[in-house]
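# Structural overview
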Amino acid sequence: MSKRAFITGITGQDGSYLAELLLEQGYEVVGMVRRSSTVSFERIAHIQDRITLVSGDLLDEVSLIHLLREYRPHEVYNLAAQSFVPASWEQPVLTGECTALGVTRTLDAIRIVDPDIRFYQASSSEMFGKVVETPQNETTPFYPRSPYGVAKVYGHWITVNYRESYGLHASGGMLFNHESPRRGLEFVTRKISNGVARIHHGLDEKLALGNLDAERDWGFAGDYVRAMWMMLQQDQPDDFVIATGETHSVQEFCQLAFAHAGLDYRDYVVLDPRFVRPAEVDRLIGDSSKARRVLGWEPHVTFPKLVEQMVEADIESVSRQKQA
């Protein structure tokens, strides 16, 4: 009998890559979407006929209980969240309801329906925020610097709490920034790659950005969802940092992205204080040695290759839009 996986946030970047991976592994895939939202199925259009989409909401525990009872998954991957850091300043309460308490509702639904379900919680490097040590690993203290980071800390610790209190196979992946051509346009990496494409095609003349000195540990989303799956195949649940161990600045991303299109970023990038965070996180760089040792995980896509993939995809996408 094939395994069945339940994914919240299946229409997002990570959800789409994870669904692809699980289908390759022979899983039946059930994805939850919010009925009330304007859902974009663009990222999963190519596999939509191979997955089951159901309506539910992290704000409504009853809907989660009903869905788990109906589909009886072996594994639950909680990827849904209000995941855009700047928006968490504008909607801090909603961010807490979804990104923090939504985890509790999901865990509680699992506890009620079937405690043998294996659970993955998408934790975040934003939990480290104002870092107390570099690089950051599984024992680094948290110091979140945004409502999103605070909500993720809650989600992480409630996962640990349910694991220890109820014996659930619940694991947390402390994923550092991971990008792809499917990244949302509101995120700085995709904003840059799309901006390069629009400038390349003559649609824009400038690209407005915030702090060019901000540094992140950027990896490829397709590599990172593989780590999620690997966590739930372990005999014992645990928490893992998933990262490349390299750090790059927004400026370096710009330099590579524009250069790939034969352009010099200094001719096009302008600084706009509107895009500077109220509280910026420090130098985030992850130590994923535990995941490499225990899971056998390692990233395959390099930083320059990632930037190249994103720019190429957006140049092609903008070209199609122009033709249409």
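We now turn to the structure provided with this report. Not measured: the values here are computed from a predicted model. (Residues numbered from 1 in each chain as written. Predicted model: local features only at pLDDT ≥ 70, side-chain atom pairs only at ≥ 80, totals over all residues. Heavy atoms only, no water.)

### Some thoughts on the overall build of the protein chain
- Each helix and strand counted, the protein chain has 10 helices and 13 strands in total.
- The C-alpha atoms of the protein chain give a radius of gyration of 19 Å, which matches the 20 Å a tight globule of 324 residues would have.
- Over its C-alpha atoms, taken along the principal directions, the protein chain stretches across nearly 60 × 50 × 40 Å.
- A total of 324 residues make up the protein chain; the buried ones form 56% of that total.
- Counting only contacts in the protein chain whose residues sit at least 6 apart along the sequence, the fraction spanning at least 24 positions is 78%.
- Carbon together with sulfur atoms contributes 48% to the accessible area of the protein chain, which is approximately 14,300 Å² in total.
- Taking the average location of the 33 positive side-chain charges in the protein chain and that of its 44 negative ones, the two points are 2 Å from each other. (Helix = DSSP H or I, 4+ residues; strand = E, 2+ residues; numbered from the N terminus. Rg over C-alpha atoms; globule rule 2.2 N^0.38 Å. Buried < 20%, exposed > 50% of the residue type's maximum accessible area, 1.4 Å probe, protein only. Contact = heavy atoms within 4.5 Å. Areas by Shrake-Rupley, 256 points an atom, 1.4 Å probe, with all protein chains shown as cover. Lys, Arg positive; Asp, Glu negative; His and termini not counted. Charge placed at Lys NZ, Arg CZ, Asp CG, Glu CD.)

### A few points about the sheet that holds strand E1 (residues 4-8)
- Pairing is parallel in the open sheet, where seven strands are placed in the order E3-E2-E1-E4-E5-E6-E11. Taken across any chain shown, the strands that pair with only one partner, and hence form the sheet edges, are strand E3 (52-55) and strand E11 (239-242). The sheet shows a mean angle of 20° between the axes of neighbouring strands, taken without regard to direction.
- With four bridges joining them, E1 and strand E4 (residues 75-78) adopt parallel strand pairing. Counterpart to Phe 6 in the pairing with E4 is Val 76.
- Contacting E4, strand E5 (118-124) and strand E6 (170-175), helix H4 (residues 92-113) runs over the sheet at an angle of about 170° to E5. (Pairing = 2+ DSSP bridges. Axes fitted to C-alpha atoms, helices over the stretch in contact; angles between N-to-C directions.)

### Some points on helix H6 (residues 188-200)
- Under the 1.5 Å per step criterion, the end-to-end length of H6 is 18 Å for 13 residues, consistent within 8% with the ideal 18 Å.
- Buried within H6 we find Thr 189, Arg 190, Ile 192, Ser 193, Asn 194, Gly 195, Val 196, Ala 197 and Ile 199.
- Structurally, H6 contributes buried residues whose contacts are with strand E7 (178-179), strand E8 (207-209), helix H8 (250-260) and helix H10 (303-323).
- One or two positions beyond H6, positive phi appears at Gly 202, with a value near 80°. (Expected span 1.5 Å × (residues − 1).)

### Concerning unusual backbone geometry
- Here the bond from Thr 134 into Pro 135 is cis, since omega is 0°, no more than 30 degrees from zero.
- With respect to the helices and strands, the residue Pro 135 is situated in the loop between E5 and helix H5 (147-166).
- Of note, Arg 72 is a non-glycine position whose phi angle comes to about 45°, a positive value.

### Section: the packing of aromatic side chains
- For the structure shown, the criterion picks out 11 aromatic pairs.
- Both rings, one in Tyr 17 and one in Phe 220, keep their centres 5.5 Å apart while their planes meet at 75°; by these two values the pair is edge-to-face. Residue Tyr 17 is found in helix H1 (residues 13-24), and its partner Phe 220 is found in strand E10 (residues 219-220); the two are separated by 203 residues along the sequence. A single burial state applies to Tyr 17 and to Phe 220, both of which are buried.
- On the numbers, 5.4 Å between centres and 65° between planes, the contact of Trp 218 with Phe 253 is edge-to-face. Separated by 35 residues along the polypeptide, Trp 218 in the loop between strand E9 (215-216) and E10 and Phe 253 in helix H8 bring together distant segments of the chain. No difference in accessibility class separates Trp 218 from Phe 253, as the two residues are buried.
- An aromatic cluster of three or more residues is present, and its members are Phe 128, Phe 142, Trp 157 and Phe 176.
- Taking NZ or CZ as reference, Arg 183 lies 3.7 Å from the ring centre of Phe 187, over its face.
- Stacked on the ring of Phe 240, the Lys or Arg Lys 290 has its end atom at 5.0 Å from the ring centre. (Phe/Tyr/Trp six-rings, centres within 6.5 Å; stacked < 30°, edge-to-face > 60°. Lys NZ or Arg CZ within 6 Å of the ring centre and 35° of its normal.)

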